[in-house]
Amino acid sequence: MDELDQLRQTYFQDCDELLGELESALMALDNGRADGDTLNDAFRAIHSIKGGADILHFDRLVRFAHSFESVLDRLRLGKLVVDPELASLMLRAGDAVADLVRAAEAGTEMPDGYENEIADALHLLAQVAETADATEPSDRQGPAAPDERAPAADTPLRHYRVQLSPPGDLFRQGNEPQLLIRALERLGNVKTVADASALPPLASFDAEQCYLRWTIDIRTAAGLEAIQDVFDLAVDKGDLEIVELTAQQTDAPAASTADIVSEAAAPTPAAVPSSPSSTAPASGSAPASQAKAAPTVNSIRVDLEKLDYLVNLVGELVISQSMLAEQLSVLPTDKFPALSRSIEEMSQHARNLQDGVMAVRTQPVKSVFARMPRLVRDLAVETGKNVRLLISGETTEVDKTVVEQLFDPLIHMIRNAVDHGIESPVERGANGKAAQGTVRLSAAHVGGRIVIQVTDDGRGIDRARVRARAVERGLLDADAVLTEEQLDNLIFLPGLSTAERVSDISGRGVGMDVVRRNVERLGGRVLIRSVAGRGSTFYLSLPLTLAVLDGMVVGVGRETYIVPLTVIFESLRPQARDVHRLVGGGDVLYVRGEYVPLVYLGRAFAVPDATREPWEGLVMLVDADAGGKIGVVVDEIVGQQQVVIKSVESNYRALPGIAGATILGNGRVALILDVAGLAQSSGDAGQSPESAAA
């Protein structure tokens, strides 16, 4: 990969983050939060996208982003006011920017004129703002120079001096100083002085070398961050110095570029100035030296393939360590105490290394959750419903691979909640509900897994309608007897939809089956809880990582299985009197006032010589996700071990009740149990505890 390809790759990776930030800011505008921080966030994102596109010569993207940036600039200066129409236009413009970025990344072109309508509307808005500003009474414009752009009436002008000393290879990097100066001119009144003292004699002049330095005075209401943004992608901070010269603050310490960078890198949004006047220290505030000492966040971008390679190596190291420990177990430890201690230390180091590597792979689910408010807004507009989205737990971290696979299932579940769950305002009013429906999206760590919930306060699942549609489409026998839970789960059948008509949102029956298929591919489960007239909740239970887990090694006959440690409540040897046979088949165990269905591993996997009675072996009480507690009957517990997960589906095929496989210290392959899937696929667990108690 050459330098240009690396630059392109880095740019598009940055665009992924910038587009997310832009949409979050635009959604805030749409919700009425048109404050300085929100506008600055949007401006910063689109300006950075434009700057990188300019370097890479994506001219079409640059032109459109410039029109978008101009309107955001007028908003920041108070020359435009955000109303619903303008907010909608901003969102459409954000979509157009995303489409142009994706087209540039794919090396294709959007259709001719795709963005023209939006660009014309943006250009007209900017012109109207400038015209209105130019026709203001002269006493409001003040004694500005003829070429100075006047800010909003209540926004004070500030005077900054920029010392630009670019490197000699500035032009080779694709940067043009004149473009930077023009960008500054859009912020306010600019006076520029060039220092040509470093120019060599004509005979030794290199046209590709930059010899000039510039001193730029700018009077603007935009603030230090806006000036810094102009140079963000073009020059290093060491080649730039920005000092405030505002007359009324000459006694205060001048804010430098380092201060701005330090503030922008602080871990909380509060560190970013909320208004232009807050960038300079006020009387009695902390000195500038304290601002420079603010904590910063340092990061490095690593190719995911390299990280996956490292994870695999750590996994192999864990397997090798297990094999070594297995070999040591047959030796007399009293004769090799130093070797025993060394292997124990190596085991601990391997565990710490693995935890560290896996922590690098984790990221918050916020990157996915942040896209949902826009989806809900658009769905509400399209369906004519009044819906709000409440999000919690967006900082919950999970393996990056899992995060990437969450997007499609969440889209389908949110669509289902808004289109099928939430009623129209008229229907909600008739049922005594508030006109505005609510969808809640949350994430949390529960028992070593991540559980994501999508809850709506709508009408709930119409089980009679679901059943009728399933029978109509030949997916269910008309005389089949199903529980409420089984009826709810019919919505996951391919081709089943309760929509009256096919629309862009639903009606083709290809939504919820995709959710289940994608989640199960990740070793997860989808469960439903619905109450008629009150709403529904969908639970997504997923592993935190797809690479390693702590497991309990159990023996069943001659076979060995791994039960994830995080799902185990306890292990016990029951009394025969506590095991009860059910009339319809299956057994339950009475434990401390509750009946727990039993699953016999020996029967489930047809293992010969396995224990036939629970009191002859052991029962492990485990959590089968929101499906409740079950008892897994095994012969014995061999021990606890950290195992590396190997995919069974990619090497063979998907197996009910099996989440993966691993290699033990003795070199044998052991299957890792999917407890929730085992409970669903086993006939022994088909009876509910309530029926047993009856």
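Turning our attention to empty space enclosed by the protein. One pass over the structure, following the stated rule, counts one cavity of 30 Å³ or more. Reported here for the largest cavity is a volume of approximately 60 Å³. For the lining of the largest cavity, the secondary structure elements donating two or more residues are α2 (36–55) and α3 (59–76). For the lining of the largest cavity, the element with the highest residue contribution is α3, accounting for five residues. Partitioning the lining of the largest cavity into residue classes produces four nonpolar, three polar and four charged.

Running from N to C, helix α11 (residues 304–329) and helix α12 (residues 337–361) cross one another at 160°; their axes reach a closest spacing of 10 Å. When the axis of α11 is compared with that of α12, the two are roughly antiparallel. Considering how the two elements wind past one another, α11 and α12 form a crossing that is left-handed. The residues of α12 that touch α11, namely those facing Leu 304, Leu 307, Asp 308, Leu 310, Val 311, Val 314, Leu 317, Val 318, Gln 321, Leu 324, Ala 325 and Leu 328, are Leu 339, Ser 340, Ile 343, Met 346, Ser 347, Ala 350, Leu 353, Gln 354, Val 357, Met 358, Val 360 and Arg 361.

What follows is about the sheet that holds strand β21 (residues 658–663). In spatial order, the strands read β20-β12-β13-β22-β21; together these five strands make up an open sheet with mixed pairing. The open sheet has two edge strands with one neighbour each: β20 (636–644) and β21. The sheet shows a mean angle of 35° between the axes of neighbouring strands, direction not considered. Contacts between α11 and the sheet are confined to β20 and β21, with β20 contributing the most and set at about 145° to the helix.

The element strand β10 (residues 525–531) is extensively covered by neighbouring structure, given that five of its seven residues are classed as buried. As paired strands, β10 and strand β11 (residues 535–543) are joined by seven bridges and run antiparallel to one another. In the strand pairing of β11, Leu 527 is matched with Tyr 539. The loop that links β10 with its antiparallel partner β11 comprises three residues; one of these, Gly 533, has a positive phi angle of about 80°.

With respect to topology, four strands assemble into an open sheet ordered β2-β3-β1-β4, the strand pairing being antiparallel. Here the strands that pair on one side only, and so sit at the sheet edges, are β2 (188–195) and β4 (240–244). Along the sheet, successive strands turn relative to each other by an average axial angle of 15°, direction set aside. For strand β1 (residues 158–164) and strand β3 (residues 213–220), the ladder comprises seven bridges, and the chain directions are antiparallel. Residue pairing across strands places Tyr 160 opposite Ile 218, the latter belonging to β3.

Note that Arg 377 resides in helix α14 (residues 372–383). Linking Arg 377 and Met 27, residues 350 residues apart in sequence, is a C-alpha distance of 8.9 Å. Not counting the four nearest positions on each side in its chain, Arg 377 is found in contact with Met 27, Asp 30, Ser 88 and Leu 91.

Turning next to the side chain of Ser 536. Its location among the elements puts Ser 536 in strand β11. Within polar-contact distance, the side chain of Ser 536 engages the side chain of Ser 530 at 2.9 Å. Aside from chain neighbours lying at most four places away, what touches Ser 536 is Val 454, Thr 455, Asp 456, Gly 460, Ile 461, Arg 529 and Ser 530.

Another point: the nonpolar core. In terms of nonpolar packing, the biggest core is built from 45 residues, with Met 372, Leu 410, Ile 414, Val 439 and Ile 452 touching the most fellow members. It is helix α15 (residues 400–421) that provides the largest number of residues to this core, a total of nine residues. With residues near it in sequence (within four places) discarded, Met 372 still touches Leu 389, Phe 407, Leu 410, Ile 411, Ile 414 and Leu 441.

Here the focus is the packing of aromatic side chains. The final tally for this structure, using the stated rule, is six aromatic pairs. Centroid distance Tyr 590 to Tyr 595: 4.9 Å. Interplanar angle 55°. Geometry classified as tilted. Judged by relative accessible area, which is 24%, Tyr 595 ranks as partly exposed. Taken together, the aromatic side chains of Tyr 11, Phe 12 and Phe 58 make up a single cluster linked through ring pairs. One cation-aromatic arrangement involves Arg 371 over Phe 407; the distance from NZ or CZ to the ring centre is 4.6 Å.

Moving on, we get to helix α17 (residues 463–472). Among the residues of α17, Arg 463, Val 466, Arg 469 and Ala 470 are the ones counted as buried. Here the buried residues of α17 occupy an arc of 130° about the axis, which is enough to place them on one side. Of the residues in α17, the exposed ones pointing more than 90 degrees away from the buried face are Ala 464 and Glu 472. Against α18 (484–488) and β10 lie the buried residues of α17.

What follows is about a nonpolar patch on the surface. A cluster of nonpolar side chains, Val 330, Leu 331, Phe 336 and Leu 339, forms an exposed patch at the surface whose accessible area comes to about 350 Å². Within the fold, Leu 331 resides in the loop between α11 and α12. The exposure class assigned to Leu 331 is partly exposed, which follows from its relative accessible area of 36%.

What follows deals with the packing of α14 against α15. Put simply, α14 and α15 touch, their axes get as near as 10 Å, and they point 35° apart. When you trace α14 past α15, the crossing you get is right-handed. Of the residues in α15, those touching α14 at Met 372, Leu 375, Val 376, Leu 379, Ala 380 and Thr 383 are Phe 407, Leu 410, Ile 411, Ile 414, Arg 415, Val 418 and Asp 419. Of the residues that constitute the contact of α14 with α15, the class distribution is ten nonpolar, one polar and two charged.

Criteria and thresholds
- Residues numbered from 1 in each chain as written.
- Predicted model: local features only at pLDDT ≥ 70, side-chain atom pairs only at ≥ 80, totals over all residues.
- Heavy atoms only, no water.
- 1 Å grid on protein atoms, 1.4 Å probe; cavity = no way out; pocket = protein on both sides within 12 Å on 5 of 7 lines; lining within 4 Å.
- Points joined across faces, edges and corners; volume = space filled by probe spheres on them.
- Helix = DSSP H or I, 4+ residues; strand = E, 2+ residues; numbered from the N terminus.
- Nonpolar A, V, L, I, M, F, W, Y, C, P; charged D, E, K, R; others polar.
- Axes fitted to C-alpha atoms, helices over the stretch in contact; angles between N-to-C directions.
- Parallel < 35°, antiparallel > 145°, perpendicular 65-115°, else oblique.
- Left-handed = near helix turned anticlockwise from the far one by under 90°.
- Contact = heavy atoms within 4.5 Å.
- Pairing = 2+ DSSP bridges.
- Buried < 20%, exposed > 50% of the residue type's maximum accessible area, 1.4 Å probe, protein only.
- Polar contact = N/O pair within 3.5 Å; in protein donor to acceptor, adjacent residues only side chain to side chain.
- Core = buried A, V, L, I, M, F, W, Y, C linked by side-chain atoms within 4.5 Å.
- Phe/Tyr/Trp six-rings, centres within 6.5 Å; stacked < 30°, edge-to-face > 60°.
- Lys NZ or Arg CZ within 6 Å of the ring centre and 35° of its normal.
- Arc of directions from axis to C-beta.
- Patch = residues over 30% accessible without salt bridge, like charges linked within 9 Å, V, L, I, M, F, W, Y side chains within 5 Å.
- Areas by Shrake-Rupley, 256 points an atom, 1.4 Å probe, with all protein chains shown as cover.
- Salt bridge = Lys/Arg side-chain N within 4 Å of Asp/Glu carboxyl O.

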